Amino acid sequence: MTTNEKVLIKVENLQKSFEDNKVLDGISTEIHQGEVVAVIGPSGSGKSTFLRSLNRLEIPTGGKIYFEGVDITAPETDIDHVRQKIGMAFQQFNLLNSKTVYENVAFAMRVIEAPGRIIRRNVPAVLSLVGLGQKGRSYPNQLSGGEQQRTALARAIANNPPILICDEPTGNLDPETAYGIMKLLDDINKRGTTIVMATHARDIVDAMQKRVVTLHKGHIIRDIEKGGYSDEA
Ligand code: ADP
Ligand code: MG
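Residues numbered from 1 in each chain as written. Chains lettered and ligands numbered in written order. Predicted model: local features only at pLDDT ≥ 70, side-chain atom pairs only at ≥ 80, totals over all residues. Heavy atoms only, no water.

Draft legend 1. Examining the site of ligand 1 more closely. With respect to spatial proximity, the complete set of residues near ligand 1 consists of Phe18, Asn21, Val23, Pro42, Ser43, Gly44, Ser45, Gly46, Lys47, Ser48 and Thr49. Between Lys47 and ligand 1, the recorded distance is 2.9 Å, taken from a side-chain N or O atom to an oxygen atom. Ser48 is positioned such that a nitrogen or oxygen atom in its side chain is 2.9 Å from an oxygen atom of ligand 1. Relative to its free-state accessible area of 560 Å², ligand 1 is covered by the protein chains to the extent of 59%. Broken down by element, the residue count for the shell around ligand 1 peaks at three residues, all from helix 1 (residues 47-54). The residue makeup of the shell around ligand 1, split by class, is three nonpolar, seven polar and one charged. (Near = heavy atom within 4 Å. Polar contact = N/O pair within 3.5 Å; in protein donor to acceptor, adjacent residues only side chain to side chain. Areas by Shrake-Rupley, 256 points an atom, 1.4 Å probe, with all protein chains shown as cover. Helix = DSSP H or I, 4+ residues; strand = E, 2+ residues; numbered from the N terminus. Nonpolar A, V, L, I, M, F, W, Y, C, P; charged D, E, K, R; others polar.)

Structure representation (structure tokens):
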């Protein structure tokens, strides 16, 4: 089904080395509009490096990445413009602790110079979407882990990016809270946002029945359309 959709990201023979440590060793894949892609694999297999390359937080040592047809590995590409279209969330929520929940989300919109009236309209809407409609005035240290990740996800989608990249979004959460975050990611995907996430949450990947890409030593060793951990040999 998804393969009929537009290609959002095309990765061609992506390589990344840190000194003589080959971390990504020839990754080629396509990510289509509307997909949810779980990237799994042992610690050190290159999941974070792969996700960070999609945003040019890492600069590849070889290969190409096209975002909506634009080669983001080319030095002349305006990466700030591309980054505006990519939301990102991490295991460590990376919130600004001196700012309220509302301000954390609004900040992401101010960075791209969104007009004040749009910020005043969108921030409450996105907080309500992530289930934090009543928490706008709280500070991060007044929130549970799950609420902090919801805030980070609200911030990541505040500018309505076509794609959301999450690196171990449930890594710091207990299983029940993690499940809630995965349900939220599913809701975000249903609104049209493509999602690529690295995860260790085996049972959740099984339950989601979405595409699963398995990395091992910098290679894709499996890519299953509606997979799960349990499909692994
Ligand atoms: P994963 O997310 O699957 O655990 P990573 O992409 O974080 O894997 O790391 C893969 C490998 O790359 C590891 O061996 C790690 O030590 C190495 N690595 C990652 N980032 C750096 C860096 N900035 N400098 C040197 N080595 C790094
Ligand atoms: Mg990682």
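Draft legend 2. Just the pattern of salt bridges, in detail. What the rule picks out here adds up to 13 salt bridges. Here Asp80 and Arg83 are joined by a salt bridge, their closest N and O atoms 3.9 Å apart. With a gap of three residues between them, Asp80 and Arg83 both fall in helix 2 (residues 79-83), about one helical turn apart. Put simply, Arg110 and Glu103 hold a salt bridge, and the shortest N to O gap is 2.9 Å. (Salt bridge = Lys/Arg side-chain N within 4 Å of Asp/Glu carboxyl O.)

Draft legend 3. Structural view of the side chain of Lys47. Along the chain, Lys47 falls in helix 1. Among buried charged residues, Lys47 stands out as having no salt bridge; its nearest opposite-charge side chain is Glu168, 4.3 Å away. Within polar-contact distance, the side chain of Lys47 engages the backbone oxygen of Gly41 at 2.9 Å. Only 3.1 Å separates the side chain of Lys47 from the backbone oxygen of Pro42, close enough to count as a polar contact. (Buried < 20%, exposed > 50% of the residue type's maximum accessible area, 1.4 Å probe, protein only. Lys, Arg positive; Asp, Glu negative; His and termini not counted.)

Draft legend 4. The environment of Asp223, seen in detail. Structurally, the position occupied by Asp223 is in strand 10 (residues 219-224). Using a relative accessible area of 38% as the deciding quantity, one classes Asp223 as partly exposed. When the C-alpha atoms of Asp223 and Thr29 are compared, they prove to be 9.2 Å apart, with 194 residues separating the residues in sequence. A distance of 2.9 Å separates polar atoms of two side chains, one belonging to Asp223 and the other to Arg211.

Draft legend 5. Highlighting the packing of helix 3 (residues 101-111) against helix 4 (residues 116-129). Between helix 3 and helix 4, the least distance of the axes is 10 Å, while the angle of their chain directions is 130°. With respect to helix 4, the axis of helix 3 lies oblique. Note on packing geometry: the crossing formed by helix 3 with helix 4 is right-handed. Across the interface between the two elements, Val101, Tyr102, Val105, Ala106, Met109 and Arg110 from helix 3 touch Ile118, Ile119, Arg120, Asn122, Val123, Pro124, Val126 and Leu127 from helix 4. In terms of residue class, the contact of helix 3 with helix 4 is built from 11 nonpolar, one polar and two charged. (Axes fitted to C-alpha atoms, helices over the stretch in contact; angles between N-to-C directions. Parallel < 35°, antiparallel > 145°, perpendicular 65-115°, else oblique. Left-handed = near helix turned anticlockwise from the far one by under 90°. Contact = heavy atoms within 4.5 Å.)

Draft legend 6. Structural detail: the environment of Thr199. Turning to its location among the elements, Thr199 is positioned in the loop between strand 8 (194-198) and helix 7 (202-208). The exposure class of Thr199 is buried, given its relative accessible area of 1%. In sequence terms Thr199 and Ile40 are 159 residues apart; their C-alpha atoms lie 5.7 Å from each other. Of note is the side chain of Thr199, whose polar atom sits 2.9 Å from the backbone nitrogen of Ala201.

Draft legend 7. Main features of the environment of Gly34. Mapped onto the fold, Gly34 is located in the loop between strand 2 (21-32) and strand 3 (36-40). Put simply, Gly34 and Ser128 are 94 residues apart on the chain and 22 Å apart in space, counted from C-alpha to C-alpha.

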